[in-house]
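Breakdown of the fold
Chain residues, written in single-letter form:
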Amino acid sequence: MKYDIIIIGTGAGGGTLLRKLAPSGKKILVLERGDFVKRGLENWDSRKVNVDGHYNTKEVWYDRDGKPLHPHTNYNVGGNTKFYGAALFRMRKEDFGDLKHFDGISPAWPISYDELEPYYAQAEAMYHVHGTRGEDPTEPWSSTPFPHPAVSHETRIEHLAEDLAALGCNPFHVPLGIMLKEGDPRSKCIRCATCDGFPCLVNAKSDAQVCGVEPALDHSNVTLLTNALVKKLETDASGRMVSAVVVEIDGATERFSADTVVVSAGAINSAALLLRSANERHPNGLANSSDQVGRNYMGHVNSVMLAVSKCPNPTIFQKTLAVNDFYFGDDEFPYPMGHISFVGKLDGVTLSAGAPAIAPGFTLDLMAKHSLDFWLTTEDLPRPENRVTLNANGDIVLSYTPNNVEAHKRLQAKLKELMNRQRKCDIHGGECHQGIFARNLYLAEQIPLAGVAHQNGTVRFGDDPSTSVLDRDCRAHEVENLYVVDGSFFPSSSAVNPALTIMANALRVGDKLLAD
């Protein structure tokens, strides 16, 4: 069957693009390898989600040494946004240009922040983002206020924000995509403890299923096929046009065609799909004469750090505060360090999955009740040898050596310093000594290779076909009707969650497709 547009994948890129294009009347087919996440009490079960990996794919990848890798990724309608923490940051304006880091240069994008800004505003509206302009000193200019007011801090986090401000920092409210009306008993969001990393049982998280796919399905010109695994893309004899999308559905192979084919399977799987689509005209993989498909994989240098103290932290919805004062460095270290924020409040069950060292006199449950659970992100730099390839069986191989690690260590040290200096921490507003034996106990765990939530960079866009796969409109240089709109297109990764940038770019590409 022939369509105007085929979209492969329903996550931040594909789901957003689908909603943009749905009102056009164009005949659109959406292919999703997974299904809708089943709603049930297990959505809120910490053991199932964080220990058992109930929702993770059971697919096996491999590292560069051939060791099995069990990726922490999800195949379902809405993609990984079903499980994200809904922190929706704009990249900083400076992130779009060449930026000098301790470990090298973060390369410039072929488009500027100013070009993407209107689409950031549209994406924030589509995904119901809550925030306050002007709190974050690194925040780029904006043409609009946030669509909704910032999500308020709970008492322990509010005290931390006050202490950080007293130390000269500029703590700010995290821009969050949730359907919350504080003080309104009819609010869809209930500020529960199972948001970050969990699928939302009440559909109040602004994910790509709820905000993208479902509104698009109201249009009769849109067809969604779930459990539809795209195996390869075929081209015509010239190699310049995708002529068929080969799909496995219930064990049977079907072929679909469209005037335009858009890939949005996630940076790792999109690169793998192009590599699997090699043919006589594209012997190294589809659109890969530059040998850039799969290269320059980035996923950030991320770590979770727990600051454990004598003071309890009864916070339920913790992910409301962030600090970017060290994003571009400081007087002691004049290179970008990155971003400090929070993960969702951890419990003893979740801590057991990471098997952390036990603080003296603390059980895991007690540690969780006394911990502040930070998320630290440092930009990693594109390296050609950090890449996605396929082994002889066609399985994904993810080769990655972390870089810019010194900057991340500096960021961790800054957080430790700040926490040692802040004191107002009990829930009654008084002061108490931090930590055990008058100091904090810090537990830090760097996110392993399997943690691919921030994946990007494997099918980069650019103006030079010899060093990029896509042009500035995210169309393949070598294949006229092929576009890619997930995080693959990033030339650099910045140090904030890539989700909002993927969404904004999908809206930008949508305008290009509608204009054709």
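For clarity, every value in this text was computed on a predicted model and none was experimentally measured. (Residues numbered from 1 in each chain as written. Predicted model: local features only at pLDDT ≥ 70, side-chain atom pairs only at ≥ 80, totals over all residues. Heavy atoms only, no water.)

1. Considerations on the overall build of the chain
To keep it simple, the criterion reads: Numbered from the N terminus, helices here are DSSP runs of H or I no shorter than four residues, and strands are runs of E no shorter than two. Between the two quantities, the radius of gyration covers C-alpha atoms and the globule rule is 2.2 Å times the number of residues to the power 0.38. When a residue's accessible area, from a 1.4 Å probe over protein chains only, is under 20% of the maximum for its type it is buried; when over 50% it is exposed; and in between it is partly exposed. Throughout, a residue-residue contact means that at least one pair of heavy atoms, one from each residue, lies within 4.5 Å.
Each helix and strand counted, the chain has 10 helices and 21 strands in total. The globule rule puts the C-alpha radius of gyration for 516 residues at 24 Å, and the 22 Å found for the chain is close to it. With the C-alpha coordinates aligned to their principal axes, the bounding extent of the chain is approximately 75 × 50 × 45 Å. Evaluated residue by residue, the chain yields a buried proportion of 59% over its 516 residues. The contacts of the chain with a sequence gap of at least 6 include a subset with a gap of at least 24, amounting to 73%.

2. Some remarks on the pairing of strand β16 (residues 339–342)
What counts here: Strands pair, by our definition, only if DSSP identifies at least two bridges between them.
Covered by surrounding structure in β16 are His339 and Ser341 together with Ile340 and Phe342, the residues of both alternating faces. The pairing of β16 with strand β17 (residues 371–378) spans 4 bridges and is antiparallel. Within the sheet, the bridge partner assigned to isoleucine 340 lies in β17 and is leucine 376.

3. Considering the confidence of the model for the chain
Rule in force here: The predictor rates its confidence in each residue with pLDDT, a number between 0 and 100.
Scored by pLDDT, the chain comes out at a mean of 93, with 94% of its residues at no less than 70. Segment residues 426–440 is flagged for pLDDT under 50; beyond a separation of four residues in sequence, or across chains, it makes 40 contacts in the model.

4. Considering helix α1 (residues 14–21)
Each α-helix turn comprises 3.6 residues. Residues three or four places apart therefore point the same way. When you tally the buried positions in α1, you get 7 out of 8 residues, the bulk of the element. Taken together, the buried positions of α1 are occupied by Gly14, Gly15, Thr16, Leu17, Leu18, Lys20 and Leu21.

5. Re the environment of serine 468
Stated formally: In protein, a polar contact means a hydrogen-donor-capable atom and an acceptor-capable atom, both N or O and within 3.5 Å, with residues adjacent in sequence counting only if both atoms are side-chain atoms; elsewhere, any N or O pair within 3.5 Å suffices.
Residue position: serine 468 is located in the loop between β20 (441–446) and β21 (482–484). Given a relative accessible area of 3%, serine 468 falls into the buried group. Separated by 97 residues in sequence, serine 468 and serine 371 have C-alpha atoms that sit 44 Å apart. Among the polar contacts listed, one links the side chain of serine 468 to the backbone oxygen of aspartate 464, at a separation of 2.7 Å.

6. A look at the sheet that holds strand β3 (residues 61–63)
Definition in use: A fitted line through C-alpha atoms represents every axis, and for helices the fit uses only the stretch in contact; the resulting angles, taken between N-to-C directions, go from 0 to 180 degrees.
A sheet is described by the order of its strands in space; here 4 strands give the open sequence β4-β3-β19-β18, paired in mixed fashion. Where the open sheet ends on each side, the last strands, each with one partner, are β4 (68–69) and β18 (387–390). Where β3 lies against strand β19 (residues 396–399), 2 bridges are found, and the strand directions are parallel. Residue aspartate 63 lies in a different strand from β19, and its bridge partner there is leucine 398. Helix-sheet contacts for helix α6 (residues 267–276) involve β3, β18 and β19, and the interaxial angle to β18 is about 40 degrees.

7. Thoughts on the pattern of salt bridges
Put simply, the rule reads: Whenever Lys or Arg places a side-chain nitrogen within 4 Å of a carboxyl oxygen from Asp or Glu, that contact is recorded as a salt bridge.
As enumerated under the stated definition, the model contains 27 salt bridges in all. Between lysine 2 and aspartate 259 there is a salt bridge, with the nearest N and O atoms lying 3.1 Å from each other. Residue lysine 2 is found in strand β1 (residues 2–8), and its partner aspartate 259 is found in strand β13 (residues 252–263); the two are separated by 257 residues along the sequence. Note that glutamate 59 and arginine 33 form a salt bridge whose closest N and O atoms lie 3.9 Å from each other. Note that glutamate 59 is positioned in the loop between α2 (46–51) and β3 and arginine 33 in the loop between β2 (28–31) and α2, a separation of 26 residues in sequence.

8. Here's the deal with the nonpolar core
For clarity, the cut-off: Put simply, buried Ala, Val, Leu, Ile, Met, Phe, Trp, Tyr and Cys residues joined by side-chain atoms within 4.5 Å make one nonpolar core.
Within the largest apolar cluster, 109 residues are counted, with the highest numbers of intra-cluster contacts made by Ile8, Leu233 and Leu482. For this core, the element with the highest residue contribution is helix α10 (residues 499–515), accounting for 9 residues. Ranked by size, the runner-up nonpolar core spans 22 residues in total, among them Ile157, Leu321, Phe333 and Leu418.

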